[in-house]
Amino acid sequence: MKKITILILLLFTSLNVVVSQNKNYQKEIDMTKKKVEKTDEEWRNILNDEEFRVLREKGTEYPHTGKYNLHFENGVYNCNGCKTPLFNSDQKFESDCGWPSFDDAINGSIKYVEDYSHNMIRTEIICVKCDGHLGHVFNDGPTDTGKRYCVNSVSIDFNKNSNKE
Ligand SMILES: [Zn+2]
């Protein structure tokens, strides 16, 4: 009996370690709120042509041109379509790939979709609330997570030191 108690204690201790190793995020996405659904016409009213092409038609901005590519201020990067917080600035790292790069995302903010276009197998990343196209995630990141979220600048909107949604 004593052995079993020790075993259970050990199990809980190791579980705690796994949980505490997870990064603490500023916030998680509240999925009880409704999804953002708009018609193409409604999106065109709030997005410019380039934003519409990337976010709604899965386009890609030209590399090394986006305004957040080499942007390193403290704050939160929201979805440019529906303003859902997607990335914290401490998840951003400098990458020479030509697009804003993050090693992780705010919990629950991203949906992952297998993408077989352009004769490649990639994982597309989209906003969980409005399904807006953000970019792709790759397994060649230089940090502990090993991930590189490669994101179009026009898909995101920076909010300096903001803690509100
Ligand atoms: Zn969105």
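Thresholds, definitions, all that
- Residues numbered from 1 in each chain as written.
- Predicted model: local features only at pLDDT ≥ 70, side-chain atom pairs only at ≥ 80, totals over all residues.
- Helix = DSSP H or I, 4+ residues; strand = E, 2+ residues; numbered from the N terminus.
- Buried ≥ 20, exposed ≤ 12 C-beta atoms within 10 Å, placed from the backbone.
- Pairing = 2+ DSSP bridges.
- Core = buried A, V, L, I, M, F, W, Y, C linked by C-beta atoms within 7 Å.
- Contact = placed C-beta atoms within 7 Å.
- Axes fitted to C-alpha atoms, helices over the stretch in contact; angles between N-to-C directions.
- pLDDT = per-residue confidence, 0-100.

Peer 1: Provide a residue-level description of unusual backbone geometry, including the pertinent values.
Peer 2: As a rule of thumb, non-glycine residues mostly have phi less than zero, and peptide bonds are mostly trans rather than cis. Of note, lysine 83 is a non-glycine position whose phi angle comes to about 70°, a positive value. The topology assignment puts lysine 83 in the loop between strand E1 (75-79) and strand E2 (85-88). Judged by the 15 C-beta atoms lying within 10 Å of it, lysine 83 falls in the partly exposed class. Unlike most non-glycine residues, asparagine 119 shows phi in positive territory, near 55°. Looking at the secondary structure, you find asparagine 119 in the loop between strand E5 (110-115) and strand E6 (122-127).

Peer 1: Explain the sheet that holds E6 residue by residue, including any values.
Peer 2: What the six strands build is an open sheet, ordered E3-E4-E8-E7-E6-E5; its pairing is antiparallel. Each of the sheet's edge strands pairs with one partner strand only, and the pair in question is strand E3 (92-93) and E5. Where E6 lies against strand E7 (residues 133-138), four bridges are found, and the strand directions are antiparallel. By the bridge assignment for E7, glutamate 124 is matched with histidine 136.

Peer 1: Run through the nonpolar core, naming residues and quoting values.
Peer 2: Residues Leu86, Phe87, Ala105, Tyr149, Val151 and Ile156 are the most contacted members of the largest nonpolar core, which totals 21 residues. Those elements giving two or more residues to this core turn out to be E1, E2, E6, E7 and strand E8 (148-151). Those residues within four positions of valine 151 in sequence are excluded, and the remaining contacts are Trp99, Pro100, Phe102, Leu134, Gly135 and Ile156.

Peer 1: Would you mind going over the sheet that holds E2 in detail, with residue names and values included?
Peer 2: Read from one edge to the other, the open sheet built from three strands follows the order E2-E1-E9, with strand pairing classed as antiparallel. Since the sheet does not close on itself, it has two edges, and those belong to E2 and strand E9 (156-160), each with one partner. Averaged over all adjacent pairs, the angle separating strand axes in this sheet is 30°, with direction ignored. Here E1 runs beside E2; their pairing, made up of three bridges, is antiparallel. Counterpart to tyrosine 77 in the pairing with E2 is phenylalanine 87.

Peer 1: Which residues make up the confidence of the model for the chain, and what values go with them?
Peer 2: Per-residue pLDDT for the chain averages 87, and the proportion of residues at 70 or more is 80%. Predicted confidence for residues 13-25 stays below pLDDT 50, and this span has four contacts to residues more than four positions away or in other chains.

Peer 1: Summarise the pairing of E5; cite the residues concerned and give the values.
Peer 2: Two strands pair when backbone bridges link them, and E5 and E6 are joined in this way by six bridges, in the antiparallel orientation. Bridging from a neighbouring strand, tyrosine 112 pairs with isoleucine 125 of E6. Hairpin connection from E5 to E6: six residues lie between these consecutive antiparallel strands, with histidine 118 at a positive phi of about 55°.

Peer 1: Explain the pairing of E7 to me, using residue names and the numbers behind them.
Peer 2: Of all six residues in E7, five are buried, a share of seventy percent or more. Counting the residues that bridge the hairpin from E6 to E7 gives five residues, and of these aspartate 131 lies at a positive phi of roughly 65°. Inspection of the sheet shows E7 paired to E8 by four bridges, in the antiparallel sense. The residue bridging glycine 135 from the neighbouring strand is valine 151, located in E8.

Peer 1: Explain the environment of serine 95 to me, using residue names and the numbers behind them.
Peer 2: Assignment of secondary structure puts serine 95 in the loop between E3 and strand E4 (101-102). Residues serine 95 and glycine 141, spaced 46 residues apart in sequence, show a C-alpha to C-alpha distance of 9.2 Å.

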